[in-house]
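What follows is each chain in one-letter form.
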Amino acid sequence: NAGVTQTPKFQVLKTGQSMTLQCAQDMNHEYMSWYRQDPGMGLRLIHYSVGAGITDQGEVPNGYNVSRSTTEDFPLRLLSAAPSQTSVYFCASRGRSVMNTEAFFGQGTRLTVV
Amino acid sequence: DQQVKQNSPSLSVQEGRISILNCDYTNSMFDYFLWYKKYPAEGPTFLISISSIKDKNEDGRFTVFLNKSAKHLSLHIVPSQPGDSAVYFCAASRTSGSRLTFGEGTQLTVNP
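In every chain, residue numbers begin from 1 and rise along the written sequence. Starting at A for chains and at 1 for ligands, labels are handed out in the order in which the entities are written. The predicted nature of this model means local features are confined to residues of pLDDT at least 70 and side-chain atom pairs, given and counted, to a pLDDT of 80 or more, with totals for whole chains, interfaces and linings taken over all residues. Side-chain numbers come from the whole structure's heavy atoms, not from hydrogens or water.

A.B. asks: Residues and numbers for the interface of chain A and chain B, please.
C.D. replies: In this assembly, 25 residues from chain A lie in contact with 21 residues from chain B. Summed over both sides, the interface of chain A with chain B buries roughly 1900 Å², with 53% coming from carbon and sulfur. Throughout this description, the term salt bridge denotes a Lys or Arg side-chain nitrogen within 4 Å of a carboxyl oxygen of Asp or Glu. Where chain A touches chain B, the interface holds zero salt bridges. Under the rule applied, a polar contact is a pair of N or O atoms within 3.5 Å (in protein, one hydrogen donor and one hydrogen acceptor; residues adjacent in sequence only if both atoms are side-chain atoms). Linking chain A with chain B are three residue pairs in polar contact (both at pLDDT 80 or more). Contacts are residue-level and defined by heavy atoms, with any inter-residue pair within 4.5 Å sufficient. Put simply, buried area is the surface a 1.4 Å probe can reach on two separate parts but cannot reach once they are joined, added for both.

A.B. asks: Can you break down the sheet that holds strand 1 (residues 4–7) of chain A residue by residue, with the values?
C.D. replies: Two modes of strand pairing occur in sheets, parallel and antiparallel, and in both the strands are linked by backbone hydrogen bonds. Residues and elements named next belong to chain A. A pair of strands is considered paired only if DSSP assigns at least 2 bridges between the two. For helices the rule is a DSSP run of H or I covering at least 4 residues; for strands it is a run of E covering at least 2, with both sets numbered from the N terminus onward. Taken in spatial order, the four strands make up an open sheet running 1-3-8-7, and their pairing is antiparallel. A strand with exactly one partner marks an edge of an open sheet, and here the two such strands are strand 1 and strand 7 (64–66). On average, each strand axis in the sheet is tilted by 20° relative to the strand beside it, whichever way the strands run. Pairing analysis gives three bridges linking strand 3 (residues 19–25) to strand 8 (residues 76–78), with the strands arranged antiparallel. Along strand 8, the bridge assignment pairs Leu21 with Leu76. Axis angles are defined between N-to-C directions and span 0 to 180 degrees, where every axis is a line fitted to C-alpha atoms and, for a helix, only to the segment in contact.

A.B. asks: Account for the environment of Leu100 of chain B, with residues named and values stated.
C.D. replies: By the secondary structure assignment, Leu100 of chain B is in the loop between strand 9 (86–93) and strand 10 (101–102). Judged by relative accessible area, Leu100 of chain B falls into the buried class, the value being 3%. Taking C-alpha positions, Leu100 of chain B is 29 Å from Pro79 of chain B, a pair spaced 21 residues apart along the chain. For Leu100 of chain B, the contacting residues outside a window of four places in its chain are Tyr35, Arg94 and Ala103 of chain A together with Leu34, Tyr36, Ala92 and Ser93 of chain B. Burial classes follow relative accessibility: with a 1.4 Å probe on protein chains only, a residue under 20% of its type's maximum area counts as buried, one over 50% as exposed, and anything between as partly exposed.

A.B. asks: So, the side chain of Ser19 of chain B: which residues are in play, and what are the values?
C.D. replies: Residues and elements named next belong to chain B. Take Ser19: it is sitting in strand 3 (residues 19–25). A relative accessible area of 0% places Ser19 in the buried class. Looking at Ser19, its side chain comes within polar contact range of the side chain of Ser80, at 2.6 Å. Look past the residues within four positions of Ser19 in its chain and what remains in contact with it is Leu11, Val13, Leu75, His76, Ile77, Ser80 and Leu108.

A.B. asks: Report on the pattern of salt bridges, specifying residues and quantitative values.
C.D. replies: Residues and elements named next belong to chain B. Taken as a whole and judged by the stated rule, the model has five salt bridges over all chains. In this structure, Glu104 and Lys5 form a salt bridge, with 2.7 Å as the shortest nitrogen-oxygen distance. Linking Glu104 in the loop between strand 10 and strand 11 (106–111) with Lys5 in strand 1 (residues 4–5), this pair joins segments that are 99 residues apart in sequence. Assessed through its relative accessible area of 35%, Lys5 is described here as partly exposed. Of the charged contacts, one joins Glu58 and Lys56 as a salt bridge, the two residues approaching to 3.7 Å between their closest N and O atoms. Judged by relative accessible area, Lys56 falls into the partly exposed class, the value being 40%.

A.B. asks: Kindly report on the state of the cysteines, identifying the contributing residues and their values.
C.D. replies: All names here are of chain B. Any two cysteine sulfur atoms lying within 2.5 Å of each other are counted as a disulfide. This model, assessed by the stated rule, comprises two disulfides over all chains. Two residues share a disulfide in this structure: Cys23 and Cys90, whose sulfurs sit 2.0 Å from each other. Of note, the bridge from Cys23 to Cys90 carries an S-S torsion of about -70° and is left-handed in sense. Of this pair, Cys23 sits in strand 3 while Cys90 sits in strand 9, and the two are 67 residues apart along the sequence. The same class applies to Cys23 and to Cys90, which are both buried.

What follows is the structure, given as structure tokens:
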């Protein structure tokens, strides 16, 4: 059972380059989110989605775009990478239920922008 | 505005003793709270949760306590083991909400 799969695991970009971080889940979860982890700042929400076709901004959305064309996939796009986007990125999914549920995380993508 | 705060960046305890990790929140709309554990180079994994209708939830060595009036929760690990050494994140959400808000994390080190 794959759960939440993120690719790539590592990436080095030059300033101004663009790339897409991939995230896929096989649990049929409605909610998906992208977080970034920086030292001393915990996990900060970038963008999230409550279902296919619906996305919204989190705490730190600037410089990132998302789309949700299917339930399974939630890619994160960096249009013009900046050194401030050097971070570890985590994708998470969570089921919608009348009972509260936990979020499941991918293994992370370590991104360095030089 | 940091709605979930973990004031201790690190905690060191001896094997076999109790570890107590603390978390404070400011948003009174939060009514579901979770603890995640994270090892280096891995994603966070769910540990234990508590709903605001309870003040305690136990799962083996792990117990979470919730004090709603103080907007404070804590995670107790008894007895602590070296394998518990990890970063622990506190998170909060509204009932059936889509967003989790995380604290900064606490690095727990359990010394043999």
